[in-house]
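Spelled out, the chains give:
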Amino acid sequence: MRKRAHINTMGCQMNVQDSGRMRDLLASMGYEPEENPHKADLVLVNTCMIREKAEEKAFSFLGRMAKIKRRRPHLLVCVAGCVSQAHGKAILKRAPYVDVVLGTGAVTRLPKLVEQRIATGLPALDTEMDQPGFGPLPGPRTGPTAFVTIMTGCDNFCSYCVVPHVRGREKSRPPDDVLAEVRVLAAQGVSEVTLLGQNVNSYGKKEGLCTFPELLEKVHAVDGIRRIRFVTSHPKDLSPELINAFSGLDKLCGHIHLPIQSGSDRILAAMNRKYTADAYMDKLSALRAARAGMAVTTDFIVGFPGETERDFEKTMDLVCSARFDGLFAFKYSDRPHAPASRLDDKVPEKEKARRLAAILDAANAIIQEKNQALAGSVLTVLVEGASKQAGNQATGRTSGNRVVNFEVPKGMENQLKAGAYVDVAIEKGHAHSLWGRVLPSGGGKKPWEMCHAA
Ligand code: SF4
């Protein structure tokens, strides 16, 4: 009997990676991927609870699966990810139609849990956090880019964050395993890899493995890889060696995502971020000095408990002086287990919304200005595929992680497929993307020269 599995992935790239592994494990049990949950025999939702909204989204999805299950009683409903890890057994009480609950540490045990559910007829539960190793190499990937997990968990315990409580302690993957996966990917035609972890800057410290900059050098030496990215970095662990890597390693893309969260030292201390706004700005200047056209993006949380108008002004001042190339901002929300949830002096929702709008308006104006300033330049783009805008357009990213859309000239369709590196003359900068015109192939640049411009 054909068995079909539908996977719904919510949240971060770490969840996307885990969903890929669960898809491979279900395939090994004979489940084929199914886009439509109404046609599936098994539905798995991989959940996120970084904010209240994300958590609610998981439960409303489960509510919809309950309706389907009333019509298809054999449907197996599985819940994975951070909501599972945080709530575990309580999910079975709130959603008694759920069949399998597996935490962030139990990904590789999914087949055993599904078999247990089928054999016993009783719900299967596993929120044991620690799992040995990082599991088998993921199955084949399609497309020119891929994420490679280099570590899991986090030891930073920022006071607003649930991650350390649902993803466990930092654990780094042996460099040989990472390199084995990168080589397999290169052999599959992947030319850009993104090294993934909650805080990649502290890679290998606990296990006495090589440092993160040393790991970057090893990945840099892999044939077939032309671009390297990484996410996410904690500013306190951004070392001079890592900053120097941006001027030393040609394949390392000119972009870093470096969440700052607030411009007020008083709030940074209450968040347990372990750096000051000035220290952050010094590292920002050092990064921009290390690499021409270096793009820096960041995250902010507005409305942290106790955040005064004066604190928020400091955040706005920093946004204007730092002039980020991209910015994500979020309203603070209490998270289970996170110490900040026990703080008084909560900022009213209306005020949080006002601050969120203000910071996004200010940041987007700067980002558009910087994108517009790129008009007239030539940027190298890794084509990712057809643009959603129009049929004869394609899209891709620069080394600075900017999205570029461009028209595909007649007769060049084959050359401009996903995976091609092309030089694009930028004609216009928009709020969150660039528009340009393709130049004749490569403009004579060598592959490693195609990674330097913004
Ligand atoms: S560094 Fe802080 S914000 Fe990031 S995952 Fe760890 S605890 Fe959470």
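Residues numbered from 1 in each chain as written. Predicted model: local features only at pLDDT ≥ 70, side-chain atom pairs only at ≥ 80, totals over all residues. Heavy atoms only, no water.

A few points about the packing of aromatic side chains
Taken as a whole, this structure holds 6 aromatic pairs when the rule is applied. A centroid spacing of 6.2 Å and a plane angle of 75° characterise the contact between F300 and F324, whose relative ring orientation is edge-to-face. Within this pair, whereas F300 is found in strand β13 (residues 295-302), its partner F324 is found in the loop between α12 (309-322) and β14 (326-331), the two being separated by 24 residues in sequence. Like F300, the residue F324 is buried in the burial classification. Among the aromatic side chains, those forming a connected cluster through ring pairs are Y275, Y280, F300 and F324. Geometry around F59 places R94 over its ring, the cationic atom sitting 3.6 Å from the centre. (Phe/Tyr/Trp six-rings, centres within 6.5 Å; stacked < 30°, edge-to-face > 60°. Helix = DSSP H or I, 4+ residues; strand = E, 2+ residues; numbered from the N terminus. Buried < 20%, exposed > 50% of the residue type's maximum accessible area, 1.4 Å probe, protein only. Lys NZ or Arg CZ within 6 Å of the ring centre and 35° of its normal.)

A closer look at the site of the ligand
Every residue close to the ligand is listed here: C154, N156, F157, C158, Y160, C161, V163, P164, H234 and R273. Its residues assigned to classes, the shell around the ligand shows 7 nonpolar, 2 polar and 1 charged. (Near = heavy atom within 4 Å. Nonpolar A, V, L, I, M, F, W, Y, C, P; charged D, E, K, R; others polar.)

Comments concerning the packing of helix α7 (residues 175-187) against helix α8 (residues 212-220)
Look at α7 against α8: their axes get within 10 Å of each other, and the N-to-C directions meet at 30°. Taken together, the axes of α7 and α8 are roughly parallel relative to one another. Pair α7 / α8 crosses with right-handed handedness. Facing α7, whose interface residues are P175, V178, L179 and V182, α8 presents L215, K218 and V219. Here the contact of α7 with α8 is built from residues that sort into 6 nonpolar, no polar and 1 charged. (Axes fitted to C-alpha atoms, helices over the stretch in contact; angles between N-to-C directions. Parallel < 35°, antiparallel > 145°, perpendicular 65-115°, else oblique. Left-handed = near helix turned anticlockwise from the far one by under 90°. Contact = heavy atoms within 4.5 Å.)

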